[in-house]
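# Structure assessment
One-letter residues, chain by chain:
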Amino acid sequence: MEDVLKLENKAMFVSKAKSTDEILEAAEYCINILEPCELVPMWDSLSAQLCHYRSQKAEERDEWEIQRFAYDCAIRVKQAFLIM
């Protein structure tokens, strides 16, 4: 997850994030850990949010919103398993 959320230097003074598909894939790994362990409320399903983002066309996705979503998923995993 950390590798996906990290910015890469593509040119001098310019950073480029990973594609939204890669970020959503990393978020899915976290969701697959959290939901079966019942560590997140199902009334606001992370899977449903993930499905919503994936249903959007790649060029219409809000990249920063998706990064926040993936970061939140990663933080939840770290907190649940005392990795922090």
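To be clear, the structure that these remarks concern was listed above.
Residues numbered from 1 in each chain as written. Predicted model: local features only at pLDDT ≥ 70, side-chain atom pairs only at ≥ 80, totals over all residues. Heavy atoms only, no water.

This part takes up unusual backbone geometry. Of note, the phi angle at Glu38 is positive, near 55 degrees, even though the residue is not glycine. Mapping Glu38 onto the fold places it in the loop between helix H2 (20-34) and helix H3 (46-55). A relative accessible area of 71% places Glu38 in the exposed class. Notably, Leu82 is not glycine yet its phi reads approximately 55 degrees, a positive angle. Its location among the elements puts Leu82 in the segment after helix H4 (63-80). (Helix = DSSP H or I, 4+ residues; strand = E, 2+ residues; numbered from the N terminus. Buried < 20%, exposed > 50% of the residue type's maximum accessible area, 1.4 Å probe, protein only.)

The biggest cluster of nonpolar side chains holds 16 residues, and the ones touching the most others in it are Ile31, Leu46, Phe69 and Cys73. If you list the elements that add at least two residues to this core, you get H2, H3 and H4. Contact partners of Phe69, with chain neighbours within four places excluded, come to Ala27, Ile31, Leu46, Gln49, Leu50 and Tyr53. (Core = buried A, V, L, I, M, F, W, Y, C linked by side-chain atoms within 4.5 Å. Contact = heavy atoms within 4.5 Å.)

A word on the side chain of Glu35. Following the sequence through the fold, Glu35 ends up in the loop between H2 and H3. Lacking a salt bridge, the buried Glu35 has Arg76 as its closest oppositely charged neighbour, with an N-O distance of 8.1 Å. At a separation of 3.3 Å, a polar atom in the side chain of Glu35 contacts the main-chain amide nitrogen of Leu46. When near neighbours in sequence (up to four residues on either side) are disregarded, Glu35 contacts Val40, Met42, Ser45, Leu46 and Ser47. (Lys, Arg positive; Asp, Glu negative; His and termini not counted. Salt bridge = Lys/Arg side-chain N within 4 Å of Asp/Glu carboxyl O. Polar contact = N/O pair within 3.5 Å; in protein donor to acceptor, adjacent residues only side chain to side chain.)

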